[in-house]
Amino acid sequence: EPEVTQTPSHQVTQMGQEVILRCVPISNHLYFYWYRQILGQKVEFLVSFYNNEISEKSEIFDDQFSVERPDGSNFTLKIRSTKLEDSAMYFCASSEYAVSSGNTIYFGEGSWLTVV
Amino acid sequence: ELKVEQNPLFLSMQEGKNYTIYCNYSTTSDRLYWYRQDPGKSLESLFVLLSNGAVKQEGRLMASLDTKARLSTLHITAAVHDLSATYFCAVEPNAGGTSYGKLTFGQGTILTVHP
């Protein structure tokens, strides 16, 4: 079954460093998302992306964050200068359609980011 | 701001028993999702509910949606240990346009099924 794949599965970085999290969405999907889950808390929406541009972003997604689809398969989340509070599991997700008739959003396994 | 509240947050069940998890949300929506998460793992899609009165069943799990009451339920029938996991509901607003896929999640219900 097709799946969303993410790398790395776990990254430890020093505060202030830049981090890039990578995702390969399901191949025929057109809509891409990043969510995060701080340990023990609920899953939070960060950003949605369609047609090579951001569709919507949350208040969390400030100027430190950026997303990119550098080629036909990868979708990346960059955090420019990491803070301790950025420590979380970051989930990439994708969906085939925006129209919600049977729309399912598929999540990857996550990238666990630890900022020290 | 859309708020999604689940209850209970913790559920300890005996095998063979039935129980229901409730998901209330604060604004108009007819798109609701249920996900399962095992510890350290991703979110597995269980159900997508897209209209008032929608009911879906898979094995021992059944989900329903009442958009007028802004309530979804996940019913567990004759629980087994394999169902132990965290269950999340998530709501997608009806705002349309760019809001597709912008899910607001509940806090999650940690379900433990024991003999």
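No experiment lies behind these values; they were computed from the predicted model shown. (Residues numbered from 1 in each chain as written. Chains lettered and ligands numbered in written order. Predicted model: local features only at pLDDT ≥ 70, side-chain atom pairs only at ≥ 80, totals over all residues. Heavy atoms only, no water.)

Draft legend 1. Spotlight on the state of the cysteines. All names here are of chain A. Inspection of every chain in the model, using the stated rule, returns two disulfides over all chains. What pairs with Cys23 in a disulfide is Cys92, and their sulfur atoms sit 1.9 Å apart. The chirality of the disulfide connecting Cys23 with Cys92 is left-handed, given an S-S dihedral of about -65°. Remark: Cys92 occurs in strand β9 (residues 88-95) and Cys23 occurs in strand β3 (residues 19-24); sequence separation between them is 69 residues. (Disulfide = S-S within 2.5 Å. Helix = DSSP H or I, 4+ residues; strand = E, 2+ residues; numbered from the N terminus.)

Draft legend 2. Quick peek at the packing of aromatic side chains. Counting across every chain of the model gives 14 aromatic pairs over all chains. One aromatic cluster is present, formed by A:Tyr35, A:Phe45, A:Phe91, A:Phe107, B:Tyr33, B:Tyr35, B:Phe88 and B:Phe105 through successive ring pairs. (Phe/Tyr/Trp six-rings, centres within 6.5 Å; stacked < 30°, edge-to-face > 60°.)

Draft legend 3. Main features of the side chain of A:Glu56. As for its position among the elements, A:Glu56 is in strand β6 (residues 53-57). By relative accessible area, A:Glu56 is classed as buried at 16%. Here B:Lys102 takes part through its side chain, which lies 3.0 Å from a polar atom of the side chain of A:Glu56. (Buried < 20%, exposed > 50% of the residue type's maximum accessible area, 1.4 Å probe, protein only. Polar contact = N/O pair within 3.5 Å; in protein donor to acceptor, adjacent residues only side chain to side chain.)

Draft legend 4. Spatial organisation of the side chain of A:Arg36. Within the fold, A:Arg36 resides in strand β4 (residues 31-37). Excluding residues that lie within four positions of it along the chain, A:Arg36 makes contacts with A:Lys42, A:Val43, A:Glu44, A:Leu46, A:Ile60, A:Glu85, A:Asp86, A:Ala88, A:Met89 and A:Tyr90. (Contact = heavy atoms within 4.5 Å.)

Draft legend 5. Up close: the sheet that holds strand β6 (residues 55-58) of chain B. All names here are of chain B. Strand order in the open sheet made by the five strands is β1-β3-β8-β7-β6, with antiparallel pairing throughout. Of all strands in the sheet, those with a lone pairing partner are β1 (4-7) and β6, marking the two edges. Across the sheet, the axes of successive neighbouring strands diverge by a mean angle of 15°, strand direction being ignored. (Pairing = 2+ DSSP bridges. Axes fitted to C-alpha atoms, helices over the stretch in contact; angles between N-to-C directions.)

Draft legend 6. The environment of B:Glu1, seen in detail. Within the secondary structure, B:Glu1 is located in the segment before β1. Its relative accessible area of 84% is what places B:Glu1 among the exposed residues.

Draft legend 7. How the structure looks around the interface of chain B and chain A. Taken residue by residue, the interface counts 23 residues in chain B and 21 residues in chain A. Of the roughly 1900 Å² buried between chain B and chain A on both sides combined, carbon and sulfur atoms contribute 55%. Three residues, B:Tyr100, B:Lys102 and B:Phe105, lead the burial of chain B against chain A; their summed loss comes to 26% of the area buried on that side. One can count one salt bridge joining chain B with chain A. Between A:Glu56 and B:Lys102 there is a salt bridge, and its shortest N-O distance comes to 3.0 Å. Counting across the chain B and chain A interface gives eight residue pairs in polar contact (both at pLDDT 80 or more). Among the secondary structure elements, those contributing two or more residues to the side of chain B that touches chain A are β4 (32-37) and β5 (43-49) of chain B. Of the residues belonging to the side of chain B that touches chain A, the class tally is ten nonpolar, nine polar and four charged. (Buried area = accessible area lost by both parts, 1.4 Å probe. Salt bridge = Lys/Arg side-chain N within 4 Å of Asp/Glu carboxyl O. Nonpolar A, V, L, I, M, F, W, Y, C, P; charged D, E, K, R; others polar.)

Draft legend 8. Region of the structure containing the nonpolar core. All names here are of chain B. Residues Leu32, Trp34, Leu74, Ile76, Tyr87 and Leu111 are the most contacted members of the largest nonpolar core, which totals 25 residues. If you list the elements that add at least two residues to this core, you get β2 (10-14), β3 (19-25), β4, β5, β7 (61-66), β8 (71-76), β9 (85-91) and β11 (109-114). Of all the elements, β9 adds the most residues to this core, at four residues. Aside from chain neighbours lying at most four places away, what touches Leu111 is Leu11, Met13, Ile76, Leu83, Ser84, Ala85 and Tyr87. (Core = buried A, V, L, I, M, F, W, Y, C linked by side-chain atoms within 4.5 Å.)

Draft legend 9. Representation of unusual backbone geometry. Residues and elements named next belong to chain A. At the junction of Thr7 and Pro8, the peptide bond is cis and its omega measures out at -10° in the coordinates. Looking at where Pro8 falls in the secondary structure, it is placed in the loop between β1 (5-7) and β2 (10-13). For Asn51, which is not glycine, the phi dihedral falls at a positive 55°. Positionally, Asn51 belongs in the loop between β5 (43-50) and β6. Overall, Asn51 belongs to the exposed group, its relative accessible area being 59%. One non-glycine residue, Asn52, lies in the positive phi region at around 65°. For Asn52, a relative accessible area of 58% puts it in the exposed group.

Draft legend 10. Representation of the sheet that holds strand β8 (residues 75-79) of chain A within the structure. Residues and elements named next belong to chain A. Spatially, the four strands line up as an open sheet ordered β1-β3-β8-β7, and their pairing is antiparallel. Strands with a single pairing partner mark the edges of an open sheet, and in this sheet they are β1 and β7 (65-68). Direction aside, the axes of adjacent strands within the sheet are offset by 20° on average. Relative to β3, β1 runs antiparallel, the two sharing three bridges. Residue pairing in the sheet places Gln6 in a bridge with Cys23 of β3.

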